[in-house]
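Now for the letters of each chain:
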Amino acid sequence: MTVFKTFLKVLNKCKFPIIMYTVILVLFGAFNMQTSENSANFVASKPDILIINKDKEEGVTKNLIEYIKENSNIKEIENNEEAINDALFYRDVNYIIYIPENYRQDFLNGKNPEIEIKSTGDYQSSLAEMMLQRYIKIANIYEENIESEEELINNINEALSKQTEIQITSKLDTDNLAKASFFYNFANYSILAGCVYVICLVLSSFKEEKIAKRTIISSMKYRKYNLQLLISNSLFAIILWIFYVILSFILIGDIMFTTHGLMYILNSFIFTICALIIAFLIGNLVINKNAINGIVNVVALGSSFLCGSFVPLEWLPDTVIKIAHILPSYYYISSNEMITELEVINFETIKPVLINMGIILIFAIGFILITNIISKKKRKIA
C-alpha cells in the first residue's frame, strides 16, 4: 500500500500534463477515425472524356460516340492542341479520344483504323481505356462475320448491354468493421504513447533522490516493490483503455455490441497489458524526464509506422513487414485485420487471433523478466 499511495501522490502532482496528453491522444484518435470514413470506401465515378471526332457522326462512328457518352462525362473544350493539353494537365479531362477521318468506312472495310488517345494516367483514365477497348474488341469480332452495318451495330449494342450479375453472399457489415479496425489499429499508437509517457513520468519521479533512498534502505524486496509499482501503473493503463473502449462504442456504434466488437475489445486489452509492461521497462531505464517525449516518438510512432497502425499492412513493403514481426504491435494489428474478415466465428476461425494474443502475452512476460533483472542490478549498484 505504501508504493500505491506514493504512486497516487506522484500522479496527482503530474495530473495536468497527464490529462492534457491523454485527452489529446483520445481526440486525435477520434478525429482520425472520423476522417477515415471518406477515404476507406471506394465510390465509383465516371471518367471525364473529351472526344475529337474528325469523321462524320453516323453509323459505327455515331454508335461509338453514344456508347462513350452513356458511360462517361463528356467535356467540351476549345478544339486546339494547347487548350486540350492544358485541360489534360489540370485534370479537367482524364482521357482524350481522337477519332480519325474515314474511321467508319475503314472499319467496315476491315482495315482496323487506329484511334489515338491521350490520358492523365490515373485510375479514371484506366477506366476510360478499358471502356474504349471493350467496344473495339467486340466491334472487331462482329465485323468479321456481319456485312450489314445496321445488324453489326445491333449486335455490338446487345453484347455491350450484357452485365455480370453480382450477388453479395457475405453478411458482414464491412463498412462498420472497417471503421472499427481503423479505430483499434490507431489505438496502437494512442495506448502505447499514453502508457509510455505517463508511466515514465511517474517512474522518473520515483527515482528522485529522496524517494530512491527510502526505497533502497527499506526491507521490501525488489520483486515485491516492482509488483506493487506495476499494479499501481496498471490503474492508469486500464483507465486509458476504458476511455478508448467507450469512445469506440460512441463513434462506431452497434457493431461493438457484436462478437466482432468483443474480440476487438479483448485484443486491445491484451495489447494494453503489453504496452503497460513496455512502459514500465522503459521507465526503469530512463532517468531524465526531458527524454520522455523523444522516447514516446521512437517507441510509439516507430512501431505504429512499421506495423500498420497508420498505413495498412498490405501497403507496406515485405522487408518492413519482416522487421515488424519482432514487435508486439504487429500481432495486435494483424489480429484486428483478421477479425474484420471473420464471417463465421468459432474456435477454428479465431485460432490465428488467439495465437497472436498469446504471442503478445509472451512479449509481456519477457519484458517483465527483463525489468526485474534491470531493477535488481540497479539496486546492487546503488
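1. Details of helix H4 (residues 81-89)
Phase 1 of the analysis: All of the buried residues in H4 are Ala83, Ile84, Ala87 and Leu88. Around the axis of H4, the buried residues are gathered within 135° of arc, so they sit on the same side. Residues Glu82 and Phe89 are exposed on H4 and point more than 90 degrees away from its buried face.
Phase 2 of the analysis: Buried residues along H4 sit in contact with strand E1 (48-53), strand E3 (95-99) and strand E4 (116-119).
Phase 3 of the analysis: Within two residues after H4, Arg91 carries a phi angle of roughly 60°, on the positive side.

2. Observations concerning the packing of helix H3 (residues 59-70) against helix H7 (residues 149-161)
Phase 1 of the analysis: In the contact formed by H3 and H7, the axes pass within 10 Å of each other and the chain directions differ by 20°. As summarised for this structure, H3 and H7 are arranged roughly parallel, according to the angle between their axes. Seen from above, H3 lies across H7 with right-handed handedness. Within the contact between the two elements, H3 uses Gly59, Val60, Asn63 and Tyr67 and H7 uses Glu149, Leu152, Ile153, Ile156, Asn157 and Leu160.
Phase 2 of the analysis: A class-by-class count of the residues in the contact of H3 with H7 yields 6 nonpolar, 3 polar and 1 charged.

3. What to know about the pairing of E3
Phase 1 of the analysis: The buried count for E3 comes to 5 of 5 residues, which makes it a mostly enclosed element.
Phase 2 of the analysis: Burial along E3 is two-sided: Tyr95, Ile97 and Ile99 and Ile96 and Tyr98, pointing in opposite directions, are all buried.
Phase 3 of the analysis: Sheet analysis places E3 next to E4, joined by 4 bridges and oriented antiparallel. Directly across from Ile97, in E4, lies its bridge partner Ile117.

4. Structural notes on a nonpolar patch on the surface
Phase 1 of the analysis: Taken together, Leu8, Leu235, Ile239 and Phe243 make up a surface patch of nonpolar side chains, about 330 Å² in accessible area.
Phase 2 of the analysis: Element by element, the count of residues in the nonpolar patch is highest for helix H10 (residues 222-252), at 3 residues.
Phase 3 of the analysis: Residue placement: Leu235 occurs in helix H10.
Phase 4 of the analysis: Leu235 sits in the partly exposed class, given a relative accessible area of 36%.

5. A short note on the sheet that holds E3
Phase 1 of the analysis: Pairing is mixed across the open sheet formed by 4 strands, whose spatial order is E2-E1-E3-E4. Of all strands in the sheet, those bounded by a partner on one side alone are strand E2 (73-74) and E4.
Phase 2 of the analysis: Relative to E3, E1 runs parallel, the two sharing 5 bridges. Across the sheet, Ile52 pairs through a bridge with Tyr98, a residue of E3.

6. Things to note about the pattern of salt bridges
Phase 1 of the analysis: Scanning the entire structure with this criterion turns up 4 salt bridges.
Phase 2 of the analysis: The shortest N-O distance in the salt bridge between Arg104 and Glu58 comes to 3.3 Å. In this pair, Arg104 is assigned in helix H5 (residues 103-108) and Glu58 in the loop between E1 and H3, connecting sequence segments 46 residues apart.
Phase 3 of the analysis: For Glu58, a relative accessible area of 36% puts it in the partly exposed group.
Phase 4 of the analysis: Between Glu81 and Lys118 there is a salt bridge; the shortest N-O distance is 2.9 Å. With a gap of 37 residues between them, Glu81 in helix H4 and Lys118 in strand E4 connect regions that are remote in the sequence.
Phase 5 of the analysis: Taking the relative accessible area as the measure of exposure, Glu81 reaches 39% and is therefore partly exposed.
Phase 6 of the analysis: Since its relative accessible area comes to 26%, Lys118 is described here as partly exposed.
Phase 7 of the analysis: One network of salt bridges, in which partners are shared, links Glu58, Arg104 and Glu149.

7. A word on the packing of helix H6 (residues 123-143) against H7
Between two packed helices, both the angle of their axes relative to each other and the distance between the axes serve to describe the pair.
Phase 1 of the analysis: Running from N to C, H6 and H7 cross one another at 135°; their axes reach a closest spacing of 10 Å. Between H6 and H7, the interaxial angle falls into the category oblique. Taken as a pair, H6 and H7 cross one another with a handedness that is right-handed. The residues of H7 that touch H6, namely those facing Arg134, Tyr135, Ile138, Ala139, Tyr142 and Glu143, are Leu152, Asn155, Ile156, Ala159 and Leu160.
Phase 2 of the analysis: Among the residues forming the contact of H6 with H7, the class breakdown is 8 nonpolar, 1 polar and 2 charged.

8. Digging into the environment of Met263
Phase 1 of the analysis: For Met263, the location among the structural elements is in helix H11 (residues 259-285).
Phase 2 of the analysis: As for Met263 and Ile339, which are separated by 76 residues in sequence, their C-alpha atoms are 7.2 Å apart.
Phase 3 of the analysis: If near-sequence neighbours (up to four positions away) are discounted, Met263 is found in contact with Ile339, Leu342, Ile345, Ile350, Val353 and Met357.

9. Overview of the confidence of the model for the protein
Phase 1 of the analysis: The pLDDT averaged across the protein works out to 83; a share of 82% of its residues lies at or above 70.
Phase 2 of the analysis: Looking over the protein, one finds the lowest element-wise mean pLDDT in helix H9 (residues 209-217), namely 59, and the highest in helix H14 (residues 328-340), namely 94.

About the thresholds
Residues numbered from 1 in each chain as written. Predicted model: local features only at pLDDT ≥ 70, side-chain atom pairs only at ≥ 80, totals over all residues. Heavy atoms only, no water. Buried < 20%, exposed > 50% of the residue type's maximum accessible area, 1.4 Å probe, protein only. Helix = DSSP H or I, 4+ residues; strand = E, 2+ residues; numbered from the N terminus. Arc of directions from axis to C-beta. Contact = heavy atoms within 4.5 Å. Axes fitted to C-alpha atoms, helices over the stretch in contact; angles between N-to-C directions. Parallel < 35°, antiparallel > 145°, perpendicular 65-115°, else oblique. Left-handed = near helix turned anticlockwise from the far one by under 90°. Nonpolar A, V, L, I, M, F, W, Y, C, P; charged D, E, K, R; others polar. Pairing = 2+ DSSP bridges. Patch = residues over 30% accessible without salt bridge, like charges linked within 9 Å, V, L, I, M, F, W, Y side chains within 5 Å. Areas by Shrake-Rupley, 256 points an atom, 1.4 Å probe, with all protein chains shown as cover. Salt bridge = Lys/Arg side-chain N within 4 Å of Asp/Glu carboxyl O. pLDDT = per-residue confidence, 0-100.

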